[in-house]
Amino acid sequence: MILNNPKSQVDKSWSSWVIVLLLLVWIAIAAGLRFTYLAGKPPWSDEFATLVFSLGNSFRRVPLDQVITLDTLLAPLKPNSSASINSVINNLITESNHPPLYFVLTHLWLKLFSGHGELVSLWVARSLSVLLGVISIPAMFGLGWLGFRSSLVGHFAAALMAVSPYGIYLAQEARHYTLGILFVIASVSCLVYATRLTYSHATRSLKQQTPLPIYIALIWVIVNSLGIAVHYFFVLVIAAVGLVMLGLRIGSGGSVFSWKYWWRIYAVALGTLMGVLVWLPILPRPSSNRLTEWVHQDTTLSNLLEPVARLLSWLITMVVMLPVEGQSLPIMVASGLVTVILVVLIVQLLRRGLRIQSLHSQTKFMTQILAGFVVGAIALFLLITYGLGIDLTLAARYQFVYFPIVIMLLAASFASCWRAAQRKDQQWVALILLMGLVGGVIVASHVSYQKADRPDLAIAKMLEISDSQSQSLPVLIATVHKSHEQTGEMMGLAWELNRSQVVDAAINSPQFLLAHKDTEPRIATETLQKTVAQLPLPLELWVVNFSASVELKAQGCIKDKQSISKVPGYRFRRYYCQNHGAEGIK
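Residues numbered from 1 in each chain as written. Predicted model: local features only at pLDDT ≥ 70, side-chain atom pairs only at ≥ 80, totals over all residues. Heavy atoms only, no water.

Peer 1: Go over the packing of helix H8 (residues 151-163) against helix H18 (residues 423-444), please, and point to the residues and values.
Peer 2: At a closest axis distance of 8 Å, the pairing of H8 and H18 adopts a crossing angle of 30 degrees. Comparing the axis directions of H8 and H18 gives the class roughly parallel. When H8 is examined against H18, the residues Phe156, Ala159, Leu160 and Val163 are found in contact with a partner set consisting of Val429, Leu433, Gly436, Leu437 and Gly440. Its residues assigned to classes, the contact of H8 with H18 comprises 7 nonpolar, 2 polar and no charged. (Axes fitted to C-alpha atoms, helices over the stretch in contact; angles between N-to-C directions. Helix = DSSP H or I, 4+ residues; strand = E, 2+ residues; numbered from the N terminus. Parallel < 35°, antiparallel > 145°, perpendicular 65-115°, else oblique. Contact = heavy atoms within 4.5 Å. Nonpolar A, V, L, I, M, F, W, Y, C, P; charged D, E, K, R; others polar.)

Peer 1: Pulling in residues and values, what's your account of helix H7 (residues 122-148)?
Peer 2: When the terminal C-alpha atoms of H7 are compared, their 40 Å separation across 27 residues agrees well with the 39 Å that a helix rising 1.5 Å per residue should span. Residue Ile137 marks the point of greatest curvature in H7, where the axis turns by about 25 degrees; the proline Pro138 follows within four residues. Burial within H7 is extensive, with 20 of its 27 residues counted as buried. For H7, the capping residue at the N-terminal end is Ser121, with a side-chain oxygen 3.4 Å from the backbone nitrogen of Trp123. Remark: Arg149 follows H7 within two positions and exhibits a positive phi of approximately 50 degrees. (Expected span 1.5 Å × (residues − 1). Bend = angle between axes of the 7 residues up to and from the residue. Buried < 20%, exposed > 50% of the residue type's maximum accessible area, 1.4 Å probe, protein only. Polar contact = N/O pair within 3.5 Å; in protein donor to acceptor, adjacent residues only side chain to side chain.)

Peer 1: For the environment of Phe373, give the residues involved together with the corresponding values.
Peer 2: On the secondary structure map, Phe373 appears in helix H16 (residues 361-388). A relative accessible area of 0% places Phe373 in the buried class.

Peer 1: If you had to explain the packing of aromatic side chains to someone new, which residues and values would you point to?
Peer 2: Within this structure, the stated rule accounts for 18 aromatic pairs. Aromatic pair Phe48 and Trp495: ring centres 5.9 Å apart, planes at 65 degrees, arrangement edge-to-face. A residue pair is termed long-range when its members are at least 10 positions apart, and Phe48 in helix H3 (residues 45-54) and Trp495 in helix H20 (residues 484-500) qualify at 447 residues. We note that Phe48, like Trp495, is buried. Where Phe381 meets Tyr402, the ring centres are 5.7 Å apart and the plane angle is 85 degrees; that geometry is what we call edge-to-face. Of this pair, Phe381 sits in helix H16 while Tyr402 is found in the loop between H16 and helix H17 (403-419), placing the two residues 21 residues apart along the sequence. Each member of the pair, Phe381 as well as Tyr402, is classed as buried. Cluster of aromatic residues (ring-pair linked, three or more members): Tyr166, Tyr169, Trp314, Phe403 and Tyr449. The residue whose ring lies beneath Arg149 is Trp145, and the NZ or CZ to ring-centre distance is 4.6 Å. Here the basic side chain of Arg397 rests over the ring of Tyr398, its NZ or CZ set 5.3 Å away from the ring centre. (Phe/Tyr/Trp six-rings, centres within 6.5 Å; stacked < 30°, edge-to-face > 60°. Lys NZ or Arg CZ within 6 Å of the ring centre and 35° of its normal.)

Peer 1: I'd like a rundown of the pattern of salt bridges, residues and numbers included.
Peer 2: Using the criterion set out here, one finds 13 salt bridges in the structure. Across the pair Arg175 and Asp46 runs a salt bridge whose closest N-O atoms are separated by 4.0 Å. Remark: Asp46 occurs in helix H3 and Arg175 occurs in the loop between helix H9 (165-171) and helix H10 (177-202); sequence separation between them is 129 residues. The pair formed by Arg175 and Asp46 is uniform in burial state, with each residue classed as buried. Where Asp425 meets Arg352, a salt bridge forms, and the shortest distance between an N and an O atom there is 2.4 Å. Taken together, the residues span a long stretch of sequence, with Asp425 in helix H18 and Arg352 in helix H15 (residues 329-357) at a distance of 73 residues. Of the residues examined, Arg352 reaches a relative accessible area of 25% and is grouped as partly exposed. (Salt bridge = Lys/Arg side-chain N within 4 Å of Asp/Glu carboxyl O.)

Listed below in structure tokens is the structure:
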């Protein structure tokens, strides 16, 4: 997009109703993709945390170290009429490591639809995240117009966000990331407003300078403070914004920008700092929190480049994604080759668009601001990953911090190429949007960005094995418990059994055991031994994600060596426990 260019006057020829109608098209596409197959995908442990805490319930209602029924395990997923917002906040703070804003909103949302005594609706819970994701479409249009004064940039931003495979993946999770994205857009919008104001006054005398409007400063502080209340990683958004403003301040050299102009920017920084410090007393300690152990990685020479490779992968999926997850080798190779070609096209369009924008100072300046934010955010991710040994690249969902601004940079470049009126470039832009739509359909259909836990596959495999053995025995499913993450994994199995109403000869009256393990693994081993010894035999035992030794010979249990299986989120094997002297499975 080229501002102040005669060709850019096309924007002014667009009637308001055409702009609104086209925006409604992007919103409709976004909603259609995000609501597709919404409840068909199995919930996973993080989503169970959202459901339990948002209902005002506690994972501590699930008994440990004893046999429990399917109904007992799923009890925290039932609406609680006595639960309040205080219940949500208290349980969340004491049992988890997330701030409460999204969970409070979900609590109010679920109250509108949940029936007493019934399990919470997964579709309803996920629909809030979907709606927040759909709202990001007009929000991106607004950011594009604010930054570049161009409805074309706004439309490309809205269209890219609507079909983004990564955006659809986040929207279909009953988690807080789409709400976080809205606050990222809001905070960067304030940054754009402030820097546009700075740029416009940079060419004038100091006497004409006016400070940042008070209402914008207040909005900025509120947005940053609420962003922290959505996700603690929002501090990286604030830090990236701070780096941009610091670079702008240093770059000015004090020759143009005076204290008279900057003092309200400093006030915003001070107000934001106070909003962040409010959370210090309840911030989780990553080194001691079992829920965050998995992000602590030792970066060695052998895996030195893995975080960078992962970041590049997440960046690509923000625009295009073809099926590579769990596919046959030919499909994976073909998808990989097509993806490489598309990435080359995207990079060429990005470079061409940036070159066109650099011809005009104001678009060049705004592009530098947005690019500075993205580069600053990614630099912070890598600094934390390599410097602190906390690998923030392991999870795609954490990249919400800079996701919408990557989309905005691409939108500005695509708009510039489109306006250049070169038919070939326009065709490439249209192709990228079309392939983005294809990727969005693939993600919505659960072909790519599959859930981290697949209880549906685990139960299907268990049923297959049980059927092949033609057994009709009581079933015990046991796991090692360290935190509510393992409770959520077992809830996934129970949810799938309950959803499928599988109470037949294959899975007969399933019961569950969560054997708690603190620091000594032997405790979980002994709990399993004692539990099996007290149960009537014969018994079909499944040990799932059992991160302790299984020693059950004395209890008459024999491992079915052909039953050892693994699916995403679950490792399990079957034991056949019988009276001493009986012949077991060999």
